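Summary of the model geometry
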Amino acid sequence: MDTTTLTWTTLGEEHLPALTGLAEACLAVDGGLPLFARPPLLRARLLQARTLGAWHGGELVAAVGVGVDRRPVTATGLVRPLWRGRGLGTRLLGWAQEQAGDADLLVTTETASAGGDALFAARGLDRTFMEWVLRHDLGALPEVAAPAGVRVEPVTWEIGPELFETYRASFADRPGFDAPEPEEWLGELRADDEYRPDLSLLARGPDGRAVGFVNVLGTWVDQVGVVPQWRGRGLGAYLVVRALRSLAEDGADAVWLCVNDDNPAAALYRRLGFTNAGRRTRHLHHPHP
């Protein structure tokens, strides 16, 4: 496959099917966030203000989108697996850096690869974030007993403020946590068509106070939180398993979640049967250190 035969063009909405095929090819080899192959995220990542795509005949073999209207400038690029090792990734990244000019450049990957990691490091980009995408096949479900005195209830909007406060209390001690306003956080849940309040749960201790929660979006365990004084009692594991069982009864064959590389909960999820299904990363370039 000769790169001199490639045609380079800008990309637009009409190329969404070709971008979908490119994303699916990369996800099949590298793993990563399966939602990346859906139109909303594809548009956000690869149809930014400036775009560049490489075609071989009618097949899109590489693409990059660059958002120059924000700071830092953002970019996401993909190279079809069969076309790697021919300098296309280097060309895409170099073009993105040219578009960024003197501004910082944040490169986002939703389907990370070892080759991409090496390229970013060689071009002076620092990895600022890595998140594992985990998958649980629901053929076999773990058994976890409820902690003594704990009861759970499905989420309703009437208990929305209590759900938010439990979220805030569960994450407040995490480095860098910046709590949103309650109306903002709850509003995003209400606006998300995939949010499943019927499968999401609020956990209460013996005195009736909320001590933990799990939020479910589609077939994703989106957030799990336990207030500090209830950690170490198996509540987080219990909430995750309750979500797995509810999704299995609802007809799902697999459940997904994302967890930061430095989050201790990753070990818990793997003990419960979640397996690695790829990585998502962020890499930052400072042109003038």
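Heads up: these notes are all about the structure in this document. (Residues numbered from 1 in each chain as written. Predicted model: local features only at pLDDT ≥ 70, side-chain atom pairs only at ≥ 80, totals over all residues. Heavy atoms only, no water.)

1. What to know about the pairing of strand β6 (residues 126–137)
Two faces make up the sheet, and in a regular strand the side chains alternate between them. Bridge count between β6 and strand β12 (residues 275–285): eight bridges; the pairing is antiparallel. By the bridge assignment for β12, aspartate 126 is matched with leucine 284. As defined by bridge partners, β6 adjoins strand β11 (residues 254–260) across seven bridges and the pair is classed as antiparallel. Bridge pairing in β11 links aspartate 137 to alanine 254. (Pairing = 2+ DSSP bridges. Helix = DSSP H or I, 4+ residues; strand = E, 2+ residues; numbered from the N terminus.)

2. What about helix α3 (residues 88–100)?
When the terminal C-alpha atoms of α3 are compared, their 18 Å separation across 13 residues agrees well with the 18 Å that a helix rising 1.5 Å per residue should span. For α3, the complete set of buried residues consists of Leu88, Leu92, Leu93, Gly94, Trp95, Ala96, Gln97 and Ala100. Positive backbone phi, approximately 60°, marks glycine 101, located one or two places after α3. (Expected span 1.5 Å × (residues − 1). Buried < 20%, exposed > 50% of the residue type's maximum accessible area, 1.4 Å probe, protein only.)

3. Looking at the pairing of β12
Most of β12 sits inside the fold, with nine of its eleven residues counted as buried. Two elements, strand β5 (residues 105–109) and β12, share five bridges in a ladder whose sense is antiparallel. Residue pairing for β12: valine 107 is matched across the bridge by histidine 283.

4. Some words on helix α6 (residues 182–191)
Those residues of α6 that fall on the buried side of the exposure criterion are Trp185, Leu186 and Leu189. Down the axis, α6 shows its buried residues gathered within 90° of arc, on one side only. Seen from the buried face of α6, the exposed residues on the opposite side, beyond 90 degrees, are Glu183, Glu188 and Ala191. (Arc of directions from axis to C-beta.)

5. Topic: the packing of aromatic side chains
For the coordinates displayed, the defined rule picks out twelve aromatic pairs. Here the aromatic rings of tyrosine 167 and phenylalanine 171 are separated by 5.3 Å at their centres, their planes lie at 45°, and the arrangement is tilted. One end of the pair is tyrosine 167 and the other is phenylalanine 171, both in helix α5 (residues 160–171) and four residues apart, which spans about a single turn. Accessibility expressed as a relative area gives 8% for tyrosine 167, which makes it buried. Measuring from ring centre to ring centre gives 5.7 Å for tyrosine 167 and phenylalanine 177, while their planes differ by 70°; the resulting arrangement is edge-to-face. Taken as a pair, tyrosine 167 in helix α5 and phenylalanine 177 in the loop between α5 and α6 lie far apart in primary sequence, ten residues in all. Three or more aromatic residues link up through ring pairs in this structure, and these residues are Phe164, Tyr167, Phe171, Phe177, Trp185 and Phe213. For the cation-ring pair, arginine 190 lies above tryptophan 157, with the distance from its terminal atom to the ring centre recorded as 4.6 Å. (Phe/Tyr/Trp six-rings, centres within 6.5 Å; stacked < 30°, edge-to-face > 60°. Lys NZ or Arg CZ within 6 Å of the ring centre and 35° of its normal.)

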